[in-house]
Amino acid sequence: MVNEVDAACSLLIRDMTKHGCVPNAVIYQTLKHALANSNRVNDAMKLLEEMLLMGCIPDAQTFNDVIHGLCKL
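Keep in mind the model is a prediction, meaning the values are calculated, not measured. (Residues numbered from 1 in each chain as written. Predicted model: local features only at pLDDT ≥ 70, side-chain atom pairs only at ≥ 80, totals over all residues. Heavy atoms only, no water.)

Draft legend 1. The overall build of the protein, seen in detail. Helix and strand content of the protein: four helices and zero strands. Counting helices and strands in the order they occur from the N terminus, the protein gives α-α-α-α. The C-alpha radius of gyration of the protein comes to 12 Å, within 12% of the 11 Å expected for a compact globule of 73 residues. Expressed as a percentage of the 73 residues in the protein, the buried residues total 34%. Counting only contacts in the protein whose residues sit at least 6 apart along the sequence, the fraction spanning at least 24 positions is 54%. Of the roughly 4,600 Å² of accessible surface on the protein, a fraction of 62% belongs to carbon and sulfur atoms. (Helix = DSSP H or I, 4+ residues; strand = E, 2+ residues; numbered from the N terminus. Rg over C-alpha atoms; globule rule 2.2 N^0.38 Å. Buried < 20%, exposed > 50% of the residue type's maximum accessible area, 1.4 Å probe, protein only. Contact = heavy atoms within 4.5 Å. Areas by Shrake-Rupley, 256 points an atom, 1.4 Å probe, with all protein chains shown as cover.)

Encoded structure:
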């Protein structure tokens with residue numbers, strides 16, 4: 001599953017921006033959820049930081065995913 005999450009992150013974030021598309025909160029939320037569920041909480045938190053820098057507003061689910069991932073550590 002790790003390779004699938006990495007591929008999704010690469011495709012949806014890096015490749016989208018290369019082609020002039022800006023990822024929205026739904027894209028970030030989906031990837032962050034997958035990272036947190038894969039026990040990659042540090043990567044999920046980095047993505048949360050990137051999300052904030054890109055001007056996307058996190059919602060309660062955004063923080064719930066990170067907290068859930070932290071509780072699994």
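Draft legend 2. Focus on the environment of H33. Of note, H33 is situated in helix α2 (residues 25-37). For the pair H33 and A44, spaced 11 residues apart in the sequence, the C-alpha separation amounts to 7.5 Å. Reaching out from H33, the side chain makes a polar contact with the side chain of N37 at a distance of 2.9 Å. (Polar contact = N/O pair within 3.5 Å; in protein donor to acceptor, adjacent residues only side chain to side chain.)

Draft legend 3. Broad picture of the confidence of the model for the protein. With 97% of its residues at a pLDDT of 70 or more, the protein shows a mean pLDDT of 86. The secondary structure element of the protein with the lowest average pLDDT is helix α1 (residues 2-18), at 79, and the one with the highest is helix α3 (residues 41-53), at 91. (pLDDT = per-residue confidence, 0-100.)

Draft legend 4. Geometry of unusual backbone geometry. The backbone of N39 shows a phi angle near 60 degrees, a positive value even though the residue is not glycine. Relative to the helices and strands, N39 resides in the loop between α2 and α3.

Draft legend 5. The nonpolar core, seen in detail. The biggest cluster of nonpolar side chains holds 15 residues, and the ones touching the most others in it are Y28, L31 and L35. At the level of elements, α1, α2 and α3 are the ones that each hand at least two residues to this core. Apart from residues no more than four positions distant in its own chain, L31 is found in contact with A8, C9, L12, I13 and L47. (Core = buried A, V, L, I, M, F, W, Y, C linked by side-chain atoms within 4.5 Å.)

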